[in-house]
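Chain by chain, the residues:
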Amino acid sequence: MTTTAAEVTVSTAVATAAATKCHMFKIEGYKRIKAMYGTGKSIDSCRFEAAGRTWRIHFYPDGDNRENAGHASLFLKLDDDDDDDDAGGNGKRDDKVLVEFKFSLVCHRNGGWPVAAGDQPQSGTLTATFFSNKQGNSKALGYSQFMKRRDLEQSRFLRDDCLAIRCDMAVLDSPVDVKEQAAQAHDLQRLGVACDCKDDACKSYHLRNSSFAFKLREALLKLFLGCFHV
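In what follows, the accompanying structure is described. Here the structure is a predicted model, which is why all the values come from computation and not from measurement.

Scoring rules and cut-offs
- Residues numbered from 1 in each chain as written.
- Predicted model: local features only at pLDDT ≥ 70, side-chain atom pairs only at ≥ 80, totals over all residues.
- Heavy atoms only, no water.
- Helix = DSSP H or I, 4+ residues; strand = E, 2+ residues; numbered from the N terminus.
- Buried < 20%, exposed > 50% of the residue type's maximum accessible area, 1.4 Å probe, protein only.
- Contact = heavy atoms within 4.5 Å.
- Areas by Shrake-Rupley, 256 points an atom, 1.4 Å probe, with all protein chains shown as cover.
- Core = buried A, V, L, I, M, F, W, Y, C linked by side-chain atoms within 4.5 Å.
- Pairing = 2+ DSSP bridges.
- Axes fitted to C-alpha atoms, helices over the stretch in contact; angles between N-to-C directions.
- Salt bridge = Lys/Arg side-chain N within 4 Å of Asp/Glu carboxyl O.
- Phe/Tyr/Trp six-rings, centres within 6.5 Å; stacked < 30°, edge-to-face > 60°.

### Overview of the overall build of the protein chain
At step 1: A tally of helices and strands in the protein chain yields 4 helices and 11 strands.
At step 2: Taking all 230 residues of the protein chain together, the buried fraction comes to 32%.
At step 3: Here the analysis covers contacts within the protein chain between residues at least 6 apart in sequence; of these, 66% occur between residues at least 24 apart.
At step 4: Total accessible area computed for the protein chain in this model is approximately 14,600 Å², and 49% of it derives from carbon and sulfur atoms.

Dropping the structure here:
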C-alpha cells in the first residue's frame, strides 16, 4: 500500500524595518576635544534623518557623569523639533519610535580615512523605544560605559588623533508581515514533518535514511506523550 504525506505549508512572520540608516560620526583632534569636554560634557553629531525623524549621536570622551568617568559614553537621541508635529503633511507623527541601533568603532586602514572593517570587535546593539520631546521625555539612550578611555586611546580605533563612530539604525514601526508559503526541505526536517513512503513518484520530502527516520518518529512520539504527562 502506498502512502503519501499530507501537504505542508509554512507561515512565516518577518519583522520588517520602516527605514534603515547608517551614519558616520568622524571626530578629528581627539586630544583637544578630550581636554575641552570633561566628564558630563558631550560632543554631538549633526542632525540626520531616518524614517522621517531627526537624530543625533552624543559622544562623551570622559563619561556622561562622575560614576562613568574614565569611560567613553555613546548615546543616540531622537532630536525632532518641538513644533514639528506633522510628518510630511500626512497627519501627526507617532509620539514614540521603536529603534534597533548599533554603535561600532571603525578601524583605520593604511593610515587613511577609517573605513568599516569586516570584523568589528568593539560594538554594541540595543533595541529601545524613543519618545518625542512633547511627552517631556527626550532621553538619549545608549551606553554609559561603551569602552574604557584608556583602552580606546591605545587601540587601533584611534589613529592620527582621529576617531570614527558608526551608527546603524533600523526603525521598527511597521507591522509584522506574515505570509504562507510551501514548505521547503529544511523546514520539514527542522519541524519533523516528512514523508517516508516508498513511492518514487511522490514529490513530498522524503527521509531516505531509515535509522534517522526511526529516531525522528521516536522523538515525536516522546514529545506527543509528554504533552499528556501529569
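### Brief notes about the nonpolar core
At step 1: With 33 residues, the main nonpolar core has Trp-55, Phe-59, Leu-76, Phe-101, Phe-103 and Met-169 as its most contacted residues.
At step 2: Not counting the four nearest positions on each side in its chain, Met-169 is found in contact with Ala-19, Thr-20, Lys-21, Phe-48, Ala-50, Trp-55, Leu-76, Val-99, Glu-100 and Phe-101.

### Some thoughts on the sheet that holds strand β2 (residues 19-28)
At step 1: The strand order across the open sheet formed by 4 strands is β2-β10-β7-β8, and the pairing between neighbours is antiparallel. The open sheet terminates on both sides in strands that have one partner only, identified here as β2 and β8 (123-131). Across the sheet, the mean angle from the axis of one strand to that of its neighbour is 20°, orientation sign disregarded.
At step 2: Pairing geometry for β2 and strand β10 (residues 162-171), over 10 bridges, is antiparallel. Looking across to β10, one finds that Cys-22 is bridged to Asp-168.

### So, the pattern of salt bridges
At step 1: Within the structure shown, the criterion is met by 8 salt bridges.
At step 2: The salt bridge involving Arg-47 is made with Asp-79; its shortest N-O contact spans 3.4 Å. Separated by 32 residues along the polypeptide, Arg-47 in the loop between β3 (43-44) and β4 (48-50) and Asp-79 in the loop between β6 (71-78) and β7 (96-105) bring together distant segments of the chain.
At step 3: Given the relative accessible area of 16%, Asp-79 is considered buried.
At step 4: Residue Glu-153 is joined to Arg-149 by a salt bridge in which the shortest nitrogen-to-oxygen separation is 3.9 Å. A residue pair is termed a helical-turn pair when its members lie 3 or 4 positions apart in one helix, as Glu-153 and Arg-149 do in helix α2 (residues 149-153) at 4 residues.

### Focus on the packing of aromatic side chains
At step 1: Within this structure, the stated rule accounts for 5 aromatic pairs.
At step 2: Measuring from ring centre to ring centre gives 5.7 Å for Phe-101 and Phe-103, while their planes differ by 75°; the resulting arrangement is edge-to-face. Of the two residues examined, Phe-101 and Phe-103, each falls in the buried class.
At step 3: Taken together, Trp-55, Phe-101, Phe-103 and Phe-130 form an aromatic cluster joined through their ring pairs.

### Quick notes on the pairing of β10
At step 1: The buried fraction of β10 amounts to 8 of the 10 residues, a majority that puts the element mostly inside the structure.
At step 2: When β7 meets β10, the two strands line up antiparallel, connected through 7 bridges. In the sheet register, Glu-100 faces β10, and the bridge partner there is Ala-170.

### Description of unusual backbone geometry
At step 1: For Ala-51, which is not glycine, the phi dihedral falls at a positive 55°.
At step 2: Relative to the elements of secondary structure, Ala-51 occurs in the loop between β4 and β5 (53-60).

### Regarding the environment of Phe-146
At step 1: Mapped onto the elements of the fold, Phe-146 is located in strand β9 (residues 141-148).
At step 2: Sequence separation of Phe-146 and His-71 is 75 residues, and the distance between their C-alpha atoms is 6.9 Å.
At step 3: When neighbours within four sequence positions are excluded, Phe-146 is seen to be in contact with Ala-72, Leu-74, Phe-103, Leu-105, Gln-122, Ser-123 and Gly-124.

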